[in-house]
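Here are the chains, one letter per residue:
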Amino acid sequence: MESAHLLGTSKKRVKIHPHTVTAQYATRAPYSPQPGIHTHFPQPGDEGYDDAPSFEDFGSFLEETSDKKRLTEGKKWPLTLFTSKDSAPKSPSAAGTSGEGADGRAPKGSSSKGVGEQLASFGEASVSASRLTWLGLLGAGLAHAVLIVLTRVASEQFKLGPLFLLLVRSVLQLISIAVPLQKGENPFGPSGYRLHLLFYGIAYSLSLCCAYSSLTFISNGNATTTWRLMTTALSAILAFLLLEERLGLTDVISIIAGLFGLGLVLLPTVDEYNVDTPSDPVVFWKGAFGWSLSALAGLWMALALVGYRSLKEKVGVGTALFTVSWTGCILSPATLALLQEGWSWPMSAQAWGLILGLVTCSVAAFLGMTHALTRLHPAIVSASQTVEVPLAMLLYLAVLPEPPSALEIIGNVFVLISVSWMVAMKLLPSRVVPRRQREEYEEILDSPIK
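Criteria and cut-off values
Residues numbered from 1 in each chain as written. Predicted model: local features only at pLDDT ≥ 70, side-chain atom pairs only at ≥ 80, totals over all residues. Heavy atoms only, no water. 1 Å grid on protein atoms, 1.4 Å probe; cavity = no way out; pocket = protein on both sides within 12 Å on 5 of 7 lines; lining within 4 Å. Points joined across faces, edges and corners; volume = space filled by probe spheres on them. Helix = DSSP H or I, 4+ residues; strand = E, 2+ residues; numbered from the N terminus. Nonpolar A, V, L, I, M, F, W, Y, C, P; charged D, E, K, R; others polar. Buried < 20%, exposed > 50% of the residue type's maximum accessible area, 1.4 Å probe, protein only. Contact = heavy atoms within 4.5 Å.

**Considering empty space enclosed by the protein**
Tallied over the entire structure, the rule returns four cavities of 30 Å³ or more. The volume enclosed by the largest cavity comes to roughly 300 Å³. Along the wall of the largest cavity there are 23 residues; nearest its centre are H144, L147, I148, Y212 and W227. Contributing elements (two or more residues each) for the lining of the largest cavity: helix 5 (111–157), helix 8 (194–214), helix 9 (220–243), helix 11 (281–310) and helix 13 (349–373). Tallied by class, the residues present in the lining of the largest cavity amount to 13 nonpolar, seven polar and three charged. The computed volume of the second largest cavity comes to approximately 60 Å³. In terms of lining, the second largest cavity is formed by L166, R169, S170, Q173, S205, L208, C209, V324, S325 and G328. Sorting the residues of the lining of the second largest cavity by element identifies helix 6 (162–172), helix 8 and helix 12 (317–339) as the ones contributing at least two each. Grouping the amino acids of the lining of the second largest cavity by side-chain chemistry returns four nonpolar, five polar and one charged.

See below:
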């Protein structure tokens, strides 16, 4: 019995579960043919022997027989605006001239040097991409500040309603359809993600409609500050609940400091807080409705930021801009009719120039924010845009001389410090500790699992 047990063969049965893999071993006695019967197992070289394919052969078989490439190319938008997409594969001769020898191998003596150069270029590209991202974000904040001032000037001096400006802005931005068409993409999004993209466009346009509608009931500065405060706070919460994306401790401290500064800006002055003067109930409820619209605009914008964050690998910036434009063309007239805001057509060249500047600033701000969403947390993107509040205050001093209150100055200083600290923490570590990043990258390159 002991010899039979030692000579027995072990057979393994594997059960695969979505989370666990269990293996069970069973011992069987070796197969013993009957006496006088000769058994022969096929060996390599015998006729009819079929060796199992290797992993390399199996991979090449999948590469040759797979229809994934053709299916992916078939989903692309068939029309292009300026040029046609050239999908012809490169010739083997062209592939052989890309730094490889005739046998397909890299030149000798270039492996170690090439890895070092790749590590250096990887670190430089990472730092450069971070700098460009934050440069675009700060530029978007400046564009938002200019947009706030231009909207107020258009409303006060040229009698142009905010919702009418939003409608003209959405119509002129429809030209962004040229970007997805030129790239050969469907302007309404890839198949399987169009409903998600539609929800993103509706949320973004509803946020703009609520924000512009609130300007009719409360001041421009209060509406903008409330909108940005709610967007930053809610985007942090929604990103954690919907995308399970957390913020670091430094980011949390910076965001809280910025929100505290915005709260100081929103505090009423002594004249506004004077309770001796009787208040009109109609004025009170109009103001409450305006504040509610600003808060609702922040909620919709937070949903829009989180929505695009989940679509960052599927939808380009041009497609997102076109989606926001055509949904805005539908929702802004509906909101204008609902609030019964009168139409006021611009009658001078200065008014049209102001509208073109407004559209240019809105496009620049959108591109900077949307591109940053592909790399950064939605709450960080929104918190960086709080810089528009102090910048708008400085522009107000230059265009519309209005001395700010002490609380506004202190709050804007808190906002500037929080944004500056956030940018410094994101960019300085890439200079201070590049060795650690390089070691982590080398560990990935040397890992047997690639």
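Here the narrative resumes, following the displayed structure.
**Considerations on the environment of Y193**
Structurally, the position occupied by Y193 is in the loop between helix 7 (178–182) and helix 8. Under the relative-accessibility criterion, Y193 is labelled partly exposed at 31%. Each C-alpha atom of the pair Y193 and K314 lies 7.9 Å from the other, and the pair is 121 residues apart in sequence. Contacts of Y193, omitting those with residues within four sequence positions, involve L311 and K314.

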